[in-house]
Amino acid sequence: MLQRPRRNRANAVIRSMVEETRLSVQDMLFPLFVMKGKQQKTEIKSMPGIYRYTNDLLLKEIEECVQLGIKSFALFPQVPESKKDSLATESYQSESLYLQSIHEISTRFPEISLLTDVAMDPYSSDGHDGVVRDGQILNDETLPILAKMAIAQAQAGSRLIGPSDMMDGRVGYLRESLDEAGFSNVGIMSYTAKYASAFYGPFRDALESAPKFGDKKTYQMNPANRREALIESELDEAEGADFLMVKPALAYLDIISLLRENSHLPIAAYNVSGEYAMIKAAAQHGWLDGEKAMLECLLSIKRAGAQVILTYFAKEFAQLKLS
Ligand code: PBG
């Protein structure tokens, strides 16, 4: 035998020398949930260790994370049922919980990157990402609402918006609307290849945002499709996206790698709520080593080609690194 691959695995030093992928806290973007009220946090049952915070406690949580080296965050609001309507009007009221929270976070932490969410579902009485009429999710009627939301978020201080809705043409529509409103410096991290997935369940628990009827298959992608992700990525790129995102991450590593090879834009991947919940649940039962499983999964996402990893594990990972 001339080649013996085991020689490069013989001890920790040599294994480290030939290691191709390394995780860093700088790869991570930490999604957070804000709710109304004061001095409260509630754990999301299906996401052990992840909480909804009232804004005051959220600011403290961000401060703690910043000290751990986390620099990027995403924010999602839990909107009370009484504020929801069919046109998601709450989403662009300047005194809304979400916009106030964006304003406070960006004023208090100007050095961080905060991805703010553009989609109707947290505010929609139908629980869908678009305007509903006669059981259909309307595309073009949804775009102006998304634009109002994006501009309101930019006015509140957002420098990076994340359209997570999957309406056709929304990246270009948002780009032009932001530019016209004077926000050409506000970036777009597009949820480019977002699949109709069972792994969003715990997130919908967190926001109480599950669809009131039907499913999201007429706008989110079919998990069977790979080539279609290229159509979405070509459109987003042409329409002015600054990042392309694949979501979920673990069941879609091939899609991450496909976009990485076919675009020069930075690729993000969303290690979603259900992927987090699976590992947590198994670890709580003692069925696997939660920490090792977390590290292996995060590593696989980076190895597949993601430069940014949106993950509920971000804080846990950051705490590990310091210890
Ligand atoms: C909807 C949205 C979803 C997530 C982020 N934005 C779920 C959905 O499409 O219903 C899921 C994130 C997660 O599961 O962690 N705009």
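Residues numbered from 1 in each chain as written. Predicted model: local features only at pLDDT ≥ 70, side-chain atom pairs only at ≥ 80, totals over all residues. Heavy atoms only, no water.

Novice: Even after reading the chapter, I still don't get the overall build of the chain, so can you show me in this structure?
Specialist: From N to C terminus, the chain includes 11 helices and 12 strands. Its C-alpha radius of gyration of 20 Å places the chain within 12% of the 20 Å reference for a compact globule of 323 residues. Counting the 323 residues in the chain, one finds 54% classified as buried. Nonlocal contacts in the chain, meaning residues at least 24 apart in sequence, comprise 73% of its contacts between residues at least 6 apart. Looking at the chain, you have 36 positive and 43 negative side-chain charges, and the mean spots of the two groups are 8 Å apart. (Helix = DSSP H or I, 4+ residues; strand = E, 2+ residues; numbered from the N terminus. Rg over C-alpha atoms; globule rule 2.2 N^0.38 Å. Buried < 20%, exposed > 50% of the residue type's maximum accessible area, 1.4 Å probe, protein only. Contact = heavy atoms within 4.5 Å. Lys, Arg positive; Asp, Glu negative; His and termini not counted. Charge placed at Lys NZ, Arg CZ, Asp CG, Glu CD.)

Novice: I keep staring at the environment of Y173 and nothing clicks. Help me out?
Specialist: The residue Y173 is located in helix α5 (residues 170–180) in this model. Residues Y173 and G305, 132 residues apart in the sequence, show an inter-C-alpha distance of 28 Å.

Novice: Explanation requested: the side chain of S91 in the structure shown.
Specialist: Along the chain, S91 turns up in the loop between β4 (72–77) and α3 (97–108). Overall, S91 belongs to the buried group, its relative accessible area being 1%. Of note is the side chain of S91, whose polar atom sits 2.6 Å from the backbone oxygen of A88. Those residues in contact with S91 that sit more than four places away from it in its chain are L99, Y123 and M149. (Polar contact = N/O pair within 3.5 Å; in protein donor to acceptor, adjacent residues only side chain to side chain.)

Novice: Hey, could you run me through the environment of R22 in this one?
Specialist: Checked against the element boundaries, R22 lands in the loop between α1 (12–17) and β1 (28–35). Considering only alpha carbons, one finds R22 and D134, 112 residues apart in sequence, at a separation of 50 Å. Each residue touching R22, except ones within four places of it in the same chain, is listed here: S16, D27 and K302. Separated by 2.9 Å, the side chains of R22 and E19 make a polar contact.

Novice: Can you walk me through a nonpolar patch on the surface in this structure?
Specialist: On the surface, a nonpolar cluster with roughly 310 Å² of combined accessible area is contributed by V13, M17 and V18. Looking at the secondary structure, you find M17 in helix α1. A residue is classified by how much of its surface remains accessible, and M17, at 62% relative accessible area, is exposed. (Patch = residues over 30% accessible without salt bridge, like charges linked within 9 Å, V, L, I, M, F, W, Y side chains within 5 Å. Areas by Shrake-Rupley, 256 points an atom, 1.4 Å probe, with all protein chains shown as cover. Salt bridge = Lys/Arg side-chain N within 4 Å of Asp/Glu carboxyl O.)

Novice: Mind showing me how you'd approach the site of the ligand here?
Specialist: Around the ligand, the structure places 16 residues, and the nearest of them are R204, K216, K247, S273 and Y312. A distance of 2.9 Å is found between a nitrogen atom of the ligand and a side-chain nitrogen or oxygen belonging to D121. The side chain of K216 places a nitrogen or oxygen atom 2.7 Å from an oxygen atom of the ligand. When the ligand is considered free in solution it has 400 Å² of accessible area, and contact with the protein chains removes 100% of it. Taken together, the residues of the shell around the ligand sort by class into seven nonpolar, three polar and six charged. (Near = heavy atom within 4 Å. Nonpolar A, V, L, I, M, F, W, Y, C, P; charged D, E, K, R; others polar.)

Novice: When you look at unusual backbone geometry in this model, what are you seeing that I'm missing?
Specialist: Going from K247 to P248, the amide bond is cis rather than trans, its omega being -10°. Residue placement: P248 occurs in the loop between β10 (243–247) and α8 (253–262). One non-glycine residue with positive phi stands out, namely D134, at about 50°. Within the secondary structure, D134 is located in the loop between β6 (131–133) and β7 (136–138). Relative accessible area serves as the criterion here: at 75%, D134 is assigned to the exposed category. Backbone geometry at E208 places phi at a positive 50°, although glycine is not the residue there. Among the secondary structure elements, E208 is positioned in the loop between α6 (201–207) and α7 (227–238).

Novice: Honestly, the packing of aromatic side chains in this entry has me stumped. Any pointers?
Specialist: In this structure the tally under the stated criterion is 10 aromatic pairs. For the ring pair F33 and F76, a centre distance of 6.2 Å and an interplane angle of 40° mean the geometry is tilted. Here F33 is found in strand β1, whereas its partner F76 is found in strand β4, with 43 residues between them in sequence. The same class applies to F33 and to F76, which are both buried. When the ring of Y276 is compared with that of F313, the centres are 4.7 Å apart and the planes differ by 50°; the resulting orientation is tilted. A residue pair is termed long-range when its members are at least 10 positions apart, and Y276 in helix α9 (residues 273–284) and F313 in the loop between β12 (308–311) and α11 (314–322) qualify at 37 residues. For the pair Y276 and F313, a shared accessibility class is recorded, and that class is buried. One aromatic cluster is present, formed by F33, F76, Y191, F203, Y270, Y276, Y312 and F313 through successive ring pairs. (Phe/Tyr/Trp six-rings, centres within 6.5 Å; stacked < 30°, edge-to-face > 60°.)

Novice: Help me understand the pattern of salt bridges in this model?
Specialist: It is possible for side chains bearing opposite charge to pair when their charged atoms get close. Throughout the structure, instances matching the rule amount to 14 salt bridges. With its nearest N and O atoms 3.6 Å apart, the salt bridge here joins K216 to D121. Here D121 lies in the loop between β5 (113–118) and β6 and K216 lies in the loop between α6 and α7, a separation of 95 residues in the sequence. Of the two residues, K216 and D121, neither departs from the other in class, the shared state being buried. Connected via shared salt-bridge partners are E61, E64 and K315.

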